[in-house]
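Here are the chains, one letter per residue:
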Amino acid sequence: MLVVLGLCGAAWTVPGVQSVLRDSFTERERTYIELYFGKEPFFDGGELVVPLKLVEHGDTGGRHSVRTWAQDSKGRRLAAATETVTTKPGALVGVDVRLRLRHGAERDVDLVEVTLPGHAQRLRMHLH
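Everything numeric here is computed off the predicted structure, so don't read it as measured data.

Peer 1: So, the packing of aromatic side chains: which residues are in play, and what are the values?
Peer 2: Overall, the coordinates contain zero aromatic pairs when judged by the stated rule. Lying across the ring of W69, R77 places its NZ or CZ 4.0 Å from the centre.

Peer 1: Can you lay out the side chain of E113 for me, pointing to particular residues and giving the numbers?
Peer 2: Mapped onto the elements of the fold, E113 is located in strand β7 (residues 111-115). Look past the residues within four positions of E113 in its chain and what remains in contact with it is R67, T68, W69, R122, L123 and R124.

Peer 1: If you had to explain the environment of G104 to someone new, which residues and values would you point to?
Peer 2: Topologically, G104 is positioned in the loop between β6 (92-100) and β7. The exposure class assigned to G104 is buried, which follows from its relative accessible area of 15%. Taking the C-alpha atoms as reference points, G104 and G46, separated by 58 residues in sequence, lie 8.0 Å from one another.

Peer 1: Give a description of the sheet that holds β7 that names residues and reports values.
Peer 2: Ordered in space as β5-β4-β7-β8, the four strands form an open sheet in which the pairing is antiparallel. Lying at the two open borders of the sheet, with one neighbouring strand each, are β5 (77-87) and β8 (122-126). The sheet shows a mean angle of 15° between the axes of neighbouring strands, taken without regard to direction. Two elements, strand β4 (residues 62-71) and β5, share ten bridges in a ladder whose sense is antiparallel. Residue G62 lies in a different strand from β5, and its bridge partner there is T87.

Peer 1: Give a description of the nonpolar core that names residues and reports values.
Peer 2: Ranked by size, the top nonpolar core spans 23 residues in total, and within it L48, V50, L52, L54, L99 and V114 carry the most contacts. Only β1 (32-37), β3 (47-57), β4, β5, β6 and β7 provide two or more residues apiece to this core. Contacts of V50, omitting those with residues within four sequence positions, involve F37, P41, T68, V95, D96, V97, L99, V112 and V114.

Peer 1: I'd like a description of the pairing of β4, backed by residues and values.
Peer 2: Here β4 folds back onto β5, and the loop between the two strands holds five residues, one of which, G75, carries a positive phi near 85°. Pairing analysis gives five bridges linking β4 to β7, with the strands arranged antiparallel. Following the sheet pairing, W69 is matched in β7 by E113.

Peer 1: Describe the pattern of salt bridges, listing the residues and the values that go with them.
Peer 2: Counted by the stated rule, this structure contains seven salt bridges. We note a salt bridge from E47 to R100, for which the minimum N-O separation is 3.3 Å. One end of the pair, E47, is in strand β3; the other, R100, is in strand β6, and 53 residues separate them in sequence. A relative accessible area of 15% means that E47 is categorised as buried. Close ionic contact of R102 with D108 constitutes a salt bridge, the shortest N to O distance being 3.9 Å. The exposure class assigned to D108 is partly exposed, which follows from its relative accessible area of 30%. Within this structure, D44, E47, R98 and R100 form a network of salt bridges that share partners.

Reading the values: the criteria
Starting afresh in each chain, residues are numbered from 1 along the sequence in its written order. Whole-chain, interface and lining totals are the exception, using all residues; otherwise, since this is a predicted model, local features are given only for residues with pLDDT of at least 70 and side-chain atom pairs are given and counted only at 80 or more. Water and hydrogen atoms were dropped before computing side-chain values, which therefore reflect all heavy atoms in the structure. Any two of the Phe, Tyr and Trp rings considered here, Trp counted by its six-membered ring, make a pair once their centres fall within 6.5 Å; the pair's planes then place it as stacked at under 30 degrees, edge-to-face at over 60, or tilted in between. Here, a charge over a ring means that NZ of Lys or CZ of Arg falls within 6 Å of the ring centre while also lying within 35 degrees of the ring normal. Note on conventions: DSSP H or I runs of at least 4 residues are helices, E runs of at least 2 residues are strands, and numbering of each starts at the N terminus. The contact criterion used is simple: two residues touch if any of their non-hydrogen atoms lie within 4.5 Å. Whether a residue is buried, partly exposed or exposed follows from its accessible area with a 1.4 Å probe, protein chains only, as a fraction of its type maximum: under 20%, in between, or over 50%, in that order. Note: two strands are recorded as paired if DSSP finds a minimum of 2 bridges between them. Every axis in this analysis is a line fitted to C-alpha atoms, fitted for helices over the stretch in contact. Angles between the N-to-C directions lie between 0 and 180 degrees. We define a nonpolar core as any set of buried Ala, Val, Leu, Ile, Met, Phe, Trp, Tyr and Cys residues linked to one another through side-chain atoms lying within 4.5 Å. Whenever a carboxyl oxygen of Asp or Glu lies within 4 Å of a side-chain nitrogen of Lys or Arg, that contact is scored as a salt bridge.

It is worth stressing that arrangement in space is one thing and function is another; only the former is reported here.
If you want it as C-alpha cells, here you go:
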C-alpha cells in the first residue's frame, strides 16, 4: 500500500500527469461548435446546395459566419458564399448554403469546402 501511495505521489509531481488527472476528475468548461454536412451537397438548377448542421456546445450561443466555396480539380474557385447562422447552446441548427454557379459549371465542381472564420473547424468533400 505504501508503495502505491509513493508512486502516486511521485506521479503527481509530473505536470503532464497532473493535467490528465485533473481532466479525469474535474469537469472543465469546453466551448466549441460542431460543424458537419447535414447530407451530401446536391445541384438545384444552377446552384450547388450545401446542407450544413451546427451545434454550439457552451453557454453563450451567438451569430457565426459560415464560409462555403466550391472549386474545380485544379483548385480554381467556382463559387463562394458566406451565411450568418444564429446558434443556441445545445440546439441543432441547419442551414442550406446556395452557391450560384455559372452555366455549365456543375460538371467542373470537384471539391466543396466549409469553414467557420475564427474557429479551427473545416469541412471538405470531393463530389467526384
